[in-house]
Amino acid sequence: TTEPYVTQVEFLSPGPYNSGFQIRIHFSEPVDSTALVVTFGSTSPYNTYTVSGSQHNDTCWMGTVGINSSVPSGTYHFAIDGAVDYAGNAMVPDAATSFVVDTTRPTITDLEFDRSEPMGLGVFNMTMEFSEDMNTSSPVIVEMYTDGVTVYTINGSWLNARVWEG
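Here's a quick rundown of the structure. A quick note: this is a predicted structure, and the numbers were derived from the prediction, not measured.

Comments concerning the environment of Tyr49
Then step 1. Mapped onto the secondary structure, Tyr49 falls in strand S5 (residues 49–50).
Then step 2. Spatially, the C-alpha atom of Tyr49 lies 40 Å from that of Thr127, the residues being 78 residues apart in sequence.
Then step 3. Excluding its chain neighbours within four sequence positions, the residues that come into contact with Tyr49 are Val38, Thr39, Phe40, Ser70, Val71, Pro72 and Tyr76.

Some points on the side chain of Asp94
Then step 1. Its location among the elements puts Asp94 in the loop between strand S9 (84–85) and strand S10 (98–101).
Then step 2. Buried charged residue Asp94 carries no salt bridge. Nearest counter-charge: Arg24, at 17 Å.
Then step 3. Sequence-distant contacts of Asp94, that is, excluding residues within four places in its chain, are made with Val6, Phe78, Ala79 and Ile80.

A look at the packing of aromatic side chains
Then step 1. A full pass over the atoms with the stated rule returns 15 aromatic pairs.
Then step 2. Between the aromatic rings of Tyr17 and Phe99, the centroid separation amounts to 6.3 Å while the plane-to-plane angle is 75°, which identifies the pairing as edge-to-face. Pair noted here: Tyr17 is in the loop between strand S1 (6–11) and strand S2 (21–27) and Phe99 is in strand S10, with a separation of 82 residues, a long-range link. Residue Tyr17 shares its accessibility class with Phe99, and that shared class is buried.

Observations concerning the layout of surface pockets
Then step 1. A volume near 390 Å³ is recorded for the largest pocket.
Then step 2. Lining the largest pocket are 21 residues, and of these Pro16, Asn18, Asp102, Glu132 and Asn135 lie nearest its centre.
Then step 3. Among the residues making up the lining of the largest pocket, the classes are represented as 8 nonpolar, 9 polar and 4 charged.

With respect to the sheet that holds strand S6 (residues 52–57)
Then step 1. Strand order in the open sheet made by the 4 strands is S1-S2-S7-S6, with antiparallel pairing throughout. Looking at strand neighbours, the two that pair on one side only are S1 and S6, the edges of this open sheet. With direction set aside, neighbouring strand axes in the sheet form an average angle of 20°.
Then step 2. The pairing of S2 with strand S7 (residues 60–65) spans 6 bridges and is antiparallel. Pairing of Ile25 across the sheet is with Trp61, part of S7.

Side note on the nonpolar core
Then step 1. With 23 residues, the main nonpolar core has Ile25, Phe27, Phe40, Val65, Phe78, Ile80 and Phe99 as its most contacted residues.
Then step 2. For this core, the elements supplying multiple residues, two or more each, are S1, S2, strand S4 (37–41), S7, strand S8 (74–81) and S10.

Structural notes on the sheet that holds S4
Then step 1. Strands sit in the order S5-S4-S8-S10 across an open sheet of 4 strands; the sheet is antiparallel. Edge strands, defined here as strands with exactly one partner in the open sheet, are S5 and S10.
Then step 2. The pairing of S8 with S10 spans 4 bridges and is classified as antiparallel. Looking at S10, one finds that Tyr76 is bridged to Phe99.

The rules behind these values
Chains are numbered independently. Their residues run from 1 in the order of the written sequence. Only residues with pLDDT of at least 70 are given local features in this predicted model, and only at 80 or more are side-chain atom pairs given and counted; all residues enter the totals for whole chains, interfaces and linings. Note: side-chain values were computed over all heavy atoms of the structure, leaving out hydrogens and water. Labels follow the DSSP assignment, with helices taken as runs of H or I lasting at least four residues and strands as runs of E lasting at least two, numbered in each case from the N terminus. By definition, residues are in contact when any of their heavy atoms lie within 4.5 Å. A 1.4 Å probe rolled over the protein chains alone gives each residue an accessible area, and that area as a share of the maximum for its type sets the label: buried under 20%, exposed over 50%, partly exposed in between. When charges are tallied, Lys and Arg are placed among the positive residues and Asp and Glu among the negative ones, while His and the ends of the chain are skipped. The salt bridge definition used is simple: a Lys or Arg side-chain nitrogen within 4 Å of an Asp or Glu carboxyl oxygen. Pairing of aromatic rings covers Phe, Tyr and the six-membered ring of Trp, with a centre-to-centre limit of 6.5 Å; geometry is then stacked below 30 degrees between planes, edge-to-face above 60, and tilted otherwise. A pocket, in this scheme, is an open set of points on a 1 Å grid over the protein atoms alone with protein on both sides within 12 Å along at least 5 of 7 lines, while a cavity is a set where a 1.4 Å probe fits but cannot get out; residues line either one if an atom lies within 4 Å of a point. Grid points are joined across faces, edges and corners, and a volume is the space filled by probe spheres set on the points. In the scheme used here, Gly and all other residues not listed as nonpolar or charged are polar, with Ala, Val, Leu, Ile, Met, Phe, Trp, Tyr, Cys and Pro taken as nonpolar and Asp, Glu, Lys and Arg as charged. Strands qualify as paired when DSSP identifies two bridges or more between them. Here the axes come from fitting lines to C-alpha atoms, over the contacting stretch only for helices, and the angles between their N-to-C directions go from 0 to 180 degrees. Think of a nonpolar core as a cluster: buried Ala, Val, Leu, Ile, Met, Phe, Trp, Tyr and Cys residues, connected wherever their side-chain atoms sit within 4.5 Å.

Structure representation (structure tokens):
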């Protein structure tokens, strides 16, 4: 006579998200998820977008969350409802899990050149500041071109999550 409930929404990749990703929804007991509806939105009742998926096993449902350019950046909540346990008890609806969508491309907000040496010698330092935190595990290689020919390749490193220096 106990209603099943969501014990965990497992994200199979870390966020924030700018493209589709997979989730697993774990239940407190075996359920029939034939009538399960999983949606997400930025405002209650969180049903702006539908998540497609299917029952993975008796206590787990797996789905794909579609994120594309039509989904604006922001915080979203899942709305999960419709699973039934094998005794016929309907699940407790769940809207506790949230995630962040970031579909806005970062921009360079500040660009500085330190020209302590004359440019003709080919030595200078450059600092770029970005509009949002960046993935600092990825290298940034800056190439400067003249008439389609590489003139300078600038290698550098991250000073923090928003500032790169080369």
